[in-house]
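What the coordinates show
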Amino acid sequence: MFIFNFFIFLGGAFLLGVGIWVLVDPTGFREIVAANPLLFTGVYAILILGGMLFLLGFLGCCGAIRENKCLLLFFFMLILIIFLAELAVAILAFIFREHLTRDYFTKELKTHYQGTNSTDVFTSTWNAIMTTFDCCGVNSAEDFEDQSLFRRLNPGRLVPEVCCQRNDLMMSKDDCLKGIMPIRNKGCYSAVVDYFETYIYMAGALAIVVLTIELFAMVFAMCLFRGIQ
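Report on the accompanying structure. Predicted, not measured: the structure shown is a model, and the values here were computed from it.

Each value, and the rule that gives it
- Residues numbered from 1 in each chain as written.
- Predicted model: local features only at pLDDT ≥ 70, side-chain atom pairs only at ≥ 80, totals over all residues.
- Heavy atoms only, no water.
- Axes fitted to C-alpha atoms, helices over the stretch in contact; angles between N-to-C directions.
- Helix = DSSP H or I, 4+ residues; strand = E, 2+ residues; numbered from the N terminus.
- Parallel < 35°, antiparallel > 145°, perpendicular 65-115°, else oblique.
- Left-handed = near helix turned anticlockwise from the far one by under 90°.
- Contact = heavy atoms within 4.5 Å.
- Nonpolar A, V, L, I, M, F, W, Y, C, P; charged D, E, K, R; others polar.
- Phe/Tyr/Trp six-rings, centres within 6.5 Å; stacked < 30°, edge-to-face > 60°.
- Buried < 20%, exposed > 50% of the residue type's maximum accessible area, 1.4 Å probe, protein only.

What to know about the packing of helix 5 (residues 102-112) against helix 6 (residues 121-132)
Contact geometry for helix 5 and helix 6: axes closest at 10 Å, N-to-C directions at 120°. Between helix 5 and helix 6, the interaxial angle falls into the category oblique. Crossing angle aside, the handedness with which helix 5 passes helix 6 is left-handed. Within the contact between the two elements, helix 5 uses Phe105, Glu108, Leu109 and His112 and helix 6 uses Phe122, Thr123 and Trp126. Residue composition of the contact of helix 5 with helix 6, grouped by class: four nonpolar, two polar and one charged.

Rendered as structure tokens:
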């Protein structure tokens, strides 16, 4: 029982660490999350779940060591609530998965991206993403076509200025802005997925492990609860 609770304690600490890292990370991941309200809400959900698992692991360890029925019952009820909440989050993530697709982000970029308007949150967020991951657009520089808001606001430019930031001096910025050969031609969707692909699989595996540990912890908590005289 103590070992299971200790693993829950470690899992909660890990989730807390991930959530805090996303919120304070200086490399730009917070800007990616902020671009989508669903992802931004998910970060706070991770923080809350991590904090609750951290607390539950501590309570479970105390209850197992002291063989306190009240602590064990409280532990069981809270971990059951967290387990059901995690299942609900997984179901909602599956239902709203279309909001994380390439087509969704492309549509949002064409509709809301303005170019160099630093006062617009959406635009400044995407500029930060393209700078951080050395990319341009969701798929490529072709996302800034005639029908996009960017082209309507900047008819003399085929690509945003942020796509032209480079170290190569063989081409002028004017040539890049005219779309002759955009320097950052890799799409941000592929760049972000490639960067976080390893972490995504790791997070999925960790989620399965945490759910399994929670199930066993509830079973052992009830067994210990019934065994205490």
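Brief notes about the packing of aromatic side chains
Going through the model one piece at a time under the given rule, you end up with five aromatic pairs. Look at Phe105 and Tyr189: their rings are 6.4 Å apart centre to centre, the planes differ by 50°, and that puts the pair in the tilted class. With a gap of 84 residues between them, Phe105 in helix 5 and Tyr189 in helix 9 (residues 188-227) connect regions that are remote in the sequence. Geometrically, the ring pair formed by Phe144 and Phe150 is edge-to-face, given 5.4 Å between the ring centres and 65° between the ring planes. A single burial state applies to Phe144 and to Phe150, both of which are buried.

Scope: geometric values only; no functional claims are made or implied.
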